[in-house]
Amino acid sequence: MRIKIIPSLAFTLCFNLAGTAQATHPSAGIQGRQSGAIKTISPATLQAGRWVAGLSFDYAESDTISDSELLALAERGISHVHSADSISTVSVNLAYGITDNFTLSVQLPYLNRDNVRENHLHAGEAEIERLGDSQGIGDLTVLGQYRFFSHDESLAALLLGIKLPTGSTHKINATGERFDTEFQPGSGSVDPLFGIAAKQSWGPNSLTGSLLYTIATEGAQHTDLGDRFDYSLAYAYRIKGIVDNDESPDIGSGTAVDLVLELNGTWRDQEKVDGEADPNSGVNVVYLSPGISVIGAQGWFGSLSAGIPVIKNVRGIQDDPGSRVFLSLGKSF
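The structure presented is a predicted model; accordingly, all values stated were derived computationally and were not measured.

A. The pattern of salt bridges, seen in detail. Taken as a whole and assessed by the stated rule, the structure comprises 7 salt bridges. For the salt bridge of Asp-230 with Arg-228, the shortest nitrogen-to-oxygen distance reads 2.9 Å. On the basis of relative accessibility, which here comes to 5%, the residue Asp-230 falls in the buried class. Through salt bridges that share partners, Asp-67, Arg-117 and Arg-130 make up one connected network.

Here it is in C-alpha cells:
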C-alpha cells in the first residue's frame, strides 16, 4: 500500500554544551518528515494551508569540571570558572504552509540549566559558589523555508529567520545575584539566521544535509554570546511504508518507519562581554546520533535519537560536551 505523508515538524535543538563561559541557547529549524531526518533540517515544505503542531524535548549532559578541579583552578588564580551538570529544553513548535514552496515556522522553548557552580578566591581561600538552577521561557525563533528546487527525488531549500528576545534575562541565582547572560533562559539579543538544506532520495534511502548560521548581536548585560554555525548530515533507511515524492504529499492512513544515522555539528564563536572576548568560550562539537522516526496514521509523527560527541574542541577551561537525548511528538492537520 502506498502511503502519502504531509511533512511535519520537529524543530532542531542543537545545543552548545560548553559550560564555563559558553551560552547554551538553542537554534531552530523546520524538519520535513518524509526523509526521516530528525535533527538535520529537511528541505521539504508544507502544502499551502497545512499546519503542524508539536512538542520536542532535548536533554544534554555535560562532562563537568569537578569540585576538586574548580578549587585547584582557584588556588592557581583562575577564578570565575563555571560548570553546569546538564541542560534540558521543552519546546512548543508550530509551522504553517503559506504556499507549497514556502513554510513559516516558530519555536518557543522552556529551558532548565541544572546545578550551576562557580569557583573564586575569598580572603585567600578557594571556594565554590553553588548558584543553583536557571530555568524559564527562552527566546522565540521564527524561520522561513523556501523550497527553490524540486526534481524527481531531489530537493533544496533556502532558510531565513530571526531569533527574538522573548526569554527572561533577569533570573536570580542562589546567592541572590543575577545569573550571567550565558546562563539566562533568554539572550536579550535579536539574532538573524540563514542557511540551506538539501535532500537526495533513492528507493528506501535518503541523504539530507543542512547548514544554518546564526549571527549573534549584543544582548543583555552587554553580552554577545557568539555567532553559531550548525551543520548536519543524515542518512535514513525506510524499513516500513512507502512515501510518494515530496512534490505532492498528503495525509495518509498507513505507518512509515525510518532508521536514521546523523552527524550533528555545532561551532560557536567566543563570547564577548563589553567587547572583550572570554578566553574560556567557543566550541566545536560533532555528535553521532542514531535514531528512529515514525509517521503514523492521520498525520501523527514521533522521533527519538541519542547523540554521542565524537569531536569535542573547546577553547580554554570549560565543561566538555556529554551525551544527549532528543524526543519529538506532533501532528499535521
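The rest of the description comes next.
B. Molecular detail of the confidence of the model for the protein chain. Across the protein chain, the average pLDDT comes to 86, with 86% of residues at or above 70. Note on residues 244–252: pLDDT under 50 across the span, and 32 contacts to partners over four residues away in sequence or across chains.

C. Fine view of the pairing of strand S8 (residues 191–202). Because side chains alternate across S8, one face comprises the buried residues Asp-191, Leu-193, Gly-195, Ala-197, Lys-199 and Ser-201, and the other comprises Pro-192, Phe-194, Ile-196, Ala-198, Gln-200 and Trp-202, none of which is buried. In terms of strand pairing, strand S7 (residues 154–164) meets S8 through 10 bridges, oriented antiparallel. Bridge pairing in S8 links Leu-160 to Phe-194. Two successive antiparallel strands, S8 and strand S9 (residues 205–214), enclose a turn made up of 2 residues, where Gly-203 displays a positive phi of approximately 60 degrees.

D. Up close: the side chain of Thr-223. Along the polypeptide, Thr-223 turns up in strand S10 (residues 223–224). For Thr-223, a relative accessible area of 4% gives the class buried. Of the polar contacts made by the side chain of Thr-223, one reaches the backbone oxygen of Gln-221; its length is 3.1 Å.

E. Examining the sheet that holds strand S14 (residues 276–277) more closely. Strand order across the open sheet formed by 3 strands is S10-S13-S14, with antiparallel pairing between neighbours. At either margin of the open sheet sits one strand with a lone partner, and together these are S10 and S14. Note that strand S13 (residues 272–273) and S14 share 2 bridges and pair antiparallel. Residue pairing for S14: Lys-272 is matched across the bridge by Ala-277.

Here is what the cut-offs are and how they apply
Residues numbered from 1 in each chain as written. Predicted model: local features only at pLDDT ≥ 70, side-chain atom pairs only at ≥ 80, totals over all residues. Heavy atoms only, no water. Salt bridge = Lys/Arg side-chain N within 4 Å of Asp/Glu carboxyl O. Buried < 20%, exposed > 50% of the residue type's maximum accessible area, 1.4 Å probe, protein only. pLDDT = per-residue confidence, 0-100. Contact = heavy atoms within 4.5 Å. Helix = DSSP H or I, 4+ residues; strand = E, 2+ residues; numbered from the N terminus. Pairing = 2+ DSSP bridges. Polar contact = N/O pair within 3.5 Å; in protein donor to acceptor, adjacent residues only side chain to side chain.

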